[in-house]
Amino acid sequence: MGGGEGLGRVEETALWTLWHRVVEARRGDGVLRDPVAVELVGRIDFPFEERFGSTGWVSQLQALRAGCFDREVTDFLRRCPRGTVVGLGDGLETQAWRVDNGRARWLSVDLPEAARLRERLLPSDGRRRVLACSATDLRWMDEVDAGNGVMISAQGLLMYLRPTEVRELIAACAERFPGGEMVLDAVPRWFSARATAGKLRDRYYEAPPMPFGMDADERGKLATAHPGVTGVREVYPEGGRGPVRALLPLARRVHRRPSVVALRFAES
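Overview of the structure.

1. Observations regarding the nonpolar core
If you look at soluble globular proteins, the nonpolar side chains tend to sit buried side by side.
Step number 1: With 34 residues, the main nonpolar core has W140 and M182 as its most contacted residues.
Step number 2: Where this core is concerned, the elements lending two or more residues are β1 (84–88), β2 (105–110), β4 (150–154), α7 (163–176), β5 (181–186) and β7 (259–265).
Step number 3: For this core, the element with the most residues is α7, which contributes six residues.
Step number 4: Grouped together as the second largest cluster of nonpolar side chains are 19 residues, L15, V22, L40 and Y205 included.

2. A look at the pairing of β4
Step number 1: With respect to burial, β4 is a largely interior element, five of its five residues being buried.
Step number 2: Side chains of β4 alternate between two faces, with V150, I152 and A154 and M151 and S153 buried alike.
Step number 3: By the bridge criterion, four bridges tie β1 to β4 in an arrangement that is parallel. Looking at the pairing, V86 lines up with I152 of β4.
Step number 4: Across four bridges, the pairing between β4 and β5 is parallel. Among the inter-strand pairings, S153 is bridged to a residue of β5, identified as V183.
Step number 5: Note on the crossover from β4 through α7 to β5: the handedness is right-handed.

3. Here we look at the packing of aromatic side chains
Step number 1: Tallying each qualifying case throughout the model produces six aromatic pairs.
Step number 2: Ring plane angle 55° and centroid distance 6.4 Å describe the contact between F48 and F52, whose orientation is recorded as tilted. With F48 and F52 both in helix α3 (residues 48–52) and four residues apart, the pair spans about one turn of that helix. Each member of the pair, F48 as well as F52, is classed as buried.
Step number 3: In this structure an aromatic cluster arises from ring pairing among W19, F46, F48 and F52.
Step number 4: Here the basic side chain of R252 rests over the ring of Y236, its NZ or CZ set 4.0 Å away from the ring centre.

4. Thoughts on the state of the cysteines
Step number 1: Applying the stated criterion across every chain yields a total of zero disulfides.
Step number 2: Note on C133: no disulfide assigned, nearest cysteine sulfur contributed by C173 at a separation of 12 Å.
Step number 3: C133 sits in the buried class, given a relative accessible area of 9%.
Step number 4: Judged by its relative accessible area of 0%, C173 falls in the buried class.

5. Looking at the side chain of T13
Step number 1: Mapping T13 onto the fold places it in helix α1 (residues 9–25).
Step number 2: The contacts of T13, once residues within four sequence positions are left out, are Y160, Y205 and P208.

6. Points about the sheet that holds β2
Step number 1: As summarised here, the arrangement of the seven strands in space is β3-β2-β1-β4-β5-β7-β6, forming an open sheet in which the pairing is mixed. Only two strands of the sheet have a single neighbouring strand rather than two, namely β3 (128–132) and β6 (229–235). Taking the axes of each pair of neighbouring strands and ignoring which way they run, one obtains an average angle of 20° across the sheet.
Step number 2: The pairing of β2 with β3 spans five bridges and is parallel. Its bridge partner lying in β3, S108 is registered against V130.

Calculation criteria
- Residues numbered from 1 in each chain as written.
- Predicted model: local features only at pLDDT ≥ 70, side-chain atom pairs only at ≥ 80, totals over all residues.
- Heavy atoms only, no water.
- Core = buried A, V, L, I, M, F, W, Y, C linked by side-chain atoms within 4.5 Å.
- Buried < 20%, exposed > 50% of the residue type's maximum accessible area, 1.4 Å probe, protein only.
- Helix = DSSP H or I, 4+ residues; strand = E, 2+ residues; numbered from the N terminus.
- Pairing = 2+ DSSP bridges.
- Right-handed = clockwise from strand over helix to strand, strands pointing away.
- Phe/Tyr/Trp six-rings, centres within 6.5 Å; stacked < 30°, edge-to-face > 60°.
- Lys NZ or Arg CZ within 6 Å of the ring centre and 35° of its normal.
- Disulfide = S-S within 2.5 Å.
- Contact = heavy atoms within 4.5 Å.
- Axes fitted to C-alpha atoms, helices over the stretch in contact; angles between N-to-C directions.

In structure tokens:
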């Protein structure tokens, strides 16, 4: 089956993150189980390893990031078992199978090219839908059933938006989904600057520009996007293997590090 034909550089990151989750998931001692992703890579006609490489620590870090999001969504579904999880810029994320409880509803929102690829490879069913829409086009909110609780997941998305767009998106979510939650990730400012300057590359892959960067100790500023943002906390990766496991506790002391942040919105 075809893969990444016609995708832009940002949309191609869907294949990059998919591949690195699979590299980790294929290990016997991997930190993430993702059988749907493994099966998906087997169906896609794309030179994954030649294009993206298979650097072990990169794959492990991607899997640990996914694990942060999985824990937040799992906790949300424990409290709101019939809630709706909205994946903004969802790409080929397979969280809807990793942590599904059999009752939740899942809405994947992505740019048209990426949405078409997802619909072809991971077609909609009774509880999972794909919507072709930019995350910054707030019409996607009209498609969300908020009656049983809402979790907005923005994994690997906000760094590709402008800072004003990030604030506007958070504000709109807080306004539209009172009592809801959001989990997002950010790259540090130095990483954003290097990517935007075209200096973030290895022999396999060059990262797209990333206009939005936020150092981990700046996360409190997200609350200023809207008065309805009443809770801001960092979600730390857990587990790990080898040197990564040993370094994770030390990394918490580094202010200029990537971060995963959970937001809570006030009730109306």
